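Topology and contacts: notes
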Amino acid sequence: MKHLHCLFVIVLLLLPLAAGNAQSAQEIEQLLETAEITYTQAAYFTLAVALDTLPESGEAAFAFARENGWLPENAEEGGSATLAGLSLLVMKAFSLKGGMMYWLLDNSRYAYREMTRRRFIEGRAYPAFKVSGERLLEILGNVVAAREEQP
């Protein structure tokens, strides 16, 4: 039930952004059906939620995330996003603080560990797992829900 609630929260957050653009609504629908998202898709939707505005394009979002060091060094524009790589992107995009190892090393491994510790990533998961569109929205929903609960 919590998964459904988080997914609902994220879709509600993205709908106002997509309301003026039918193509964006189709992109959300396609994302939900995607078994393995790319780093381009991950950057696009993460930045849309974190910055509350749709980036120009997926390529622009990827370039922005790359320039700011929000992606692993080995991330490729069309490459499949992993949970570890997505964790780094989400931690950076939402300016989340991590534990001592994340603070010291600032890499995807410790970003992933922080995301699982905070239960933003739930269920069976390993850092190298590929991310589905549904799981991306679930993770973003968990992060947004946690931010709303904070005073």
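Following the criterion strictly, the structure yields 3 salt bridges and no others. The partner of Arg-117 in a salt bridge is Glu-114, and the shortest N-O contact between them spans 2.5 Å. In this pair, Arg-117 and Glu-114 are both assigned in helix H7 (residues 108-117), 3 residues apart and thus about one turn of the helix distant. For Arg-117, a relative accessible area of 56% gives the class exposed. By sharing partners, the salt bridges in this structure join Glu-114, Arg-117 and Arg-118 into a single network.

Along the chain, Leu-89 turns up in helix H5 (residues 83-93). It is 8.2 Å that separates the C-alpha atoms of Leu-89 and Ala-42, two residues lying 47 residues apart in sequence. Contacts of Leu-89, omitting those with residues within four sequence positions, involve Ala-42, Ala-43, Thr-46, Ala-65, Trp-70 and Leu-71.

Before going further, it helps to examine the confidence of the model for the chain. With 83% of its residues at a pLDDT of 70 or more, the chain shows a mean pLDDT of 87. No element of the chain has a lower mean pLDDT than helix H1 (residues 2-19), which averages 57, and none a higher one than H5, which averages 97.

Bringing the packing of helix H3 (residues 39-50) against helix H8 (residues 133-149) into the picture now. Relative to each other, H3 and H8 sit at 25°, their axes nearing to 11 Å. Our classification of the angle between H3 and H8 gives roughly parallel. For the pair H3 and H8, the sense of crossing is right-handed. Taking contact as the criterion, the partners of Gln-41, Ala-42, Phe-45, Thr-46 and Val-49 in H3 are, on H8, Leu-136, Leu-140 and Val-144. Across the contact of H3 with H8, the residue classes break down as 6 nonpolar, 2 polar and no charged.

A few words now on H3. Counted at 1.5 Å a residue, the expected span for H3 with its 12 residues is 16 Å, and the 16 Å between its end C-alpha atoms agrees. In terms of burial, H3 is a largely internal element, 10 of the 12 residues being buried. When H3 is considered as a whole, its buried residues turn out to be Tyr-39, Thr-40, Ala-42, Ala-43, Tyr-44, Phe-45, Thr-46, Leu-47, Ala-48 and Val-49. The first or second residue beyond H3 is Asp-52, which carries a positive phi of 60°.

Enumeration over the complete set of coordinates arrives at 3 aromatic pairs. Pairing Tyr-44 with Phe-45 gives two aromatic rings, centres 5.1 Å apart and planes at 85°, and the pair type is edge-to-face. Classification of Tyr-44 as buried rests on a relative accessible area of 8%. For Phe-45, a relative accessible area of 4% puts it in the buried group. Where Tyr-126 meets Phe-129, the ring centres are 5.0 Å apart and the plane angle is 75°; that geometry is what we call edge-to-face. In this structure Tyr-126 comes out as partly exposed when scored by relative accessible area, which is 47%.

Conventions we followed
- Residues numbered from 1 in each chain as written.
- Predicted model: local features only at pLDDT ≥ 70, side-chain atom pairs only at ≥ 80, totals over all residues.
- Heavy atoms only, no water.
- Salt bridge = Lys/Arg side-chain N within 4 Å of Asp/Glu carboxyl O.
- Helix = DSSP H or I, 4+ residues; strand = E, 2+ residues; numbered from the N terminus.
- Buried < 20%, exposed > 50% of the residue type's maximum accessible area, 1.4 Å probe, protein only.
- Contact = heavy atoms within 4.5 Å.
- pLDDT = per-residue confidence, 0-100.
- Axes fitted to C-alpha atoms, helices over the stretch in contact; angles between N-to-C directions.
- Parallel < 35°, antiparallel > 145°, perpendicular 65-115°, else oblique.
- Left-handed = near helix turned anticlockwise from the far one by under 90°.
- Nonpolar A, V, L, I, M, F, W, Y, C, P; charged D, E, K, R; others polar.
- Expected span 1.5 Å × (residues − 1).
- Phe/Tyr/Trp six-rings, centres within 6.5 Å; stacked < 30°, edge-to-face > 60°.

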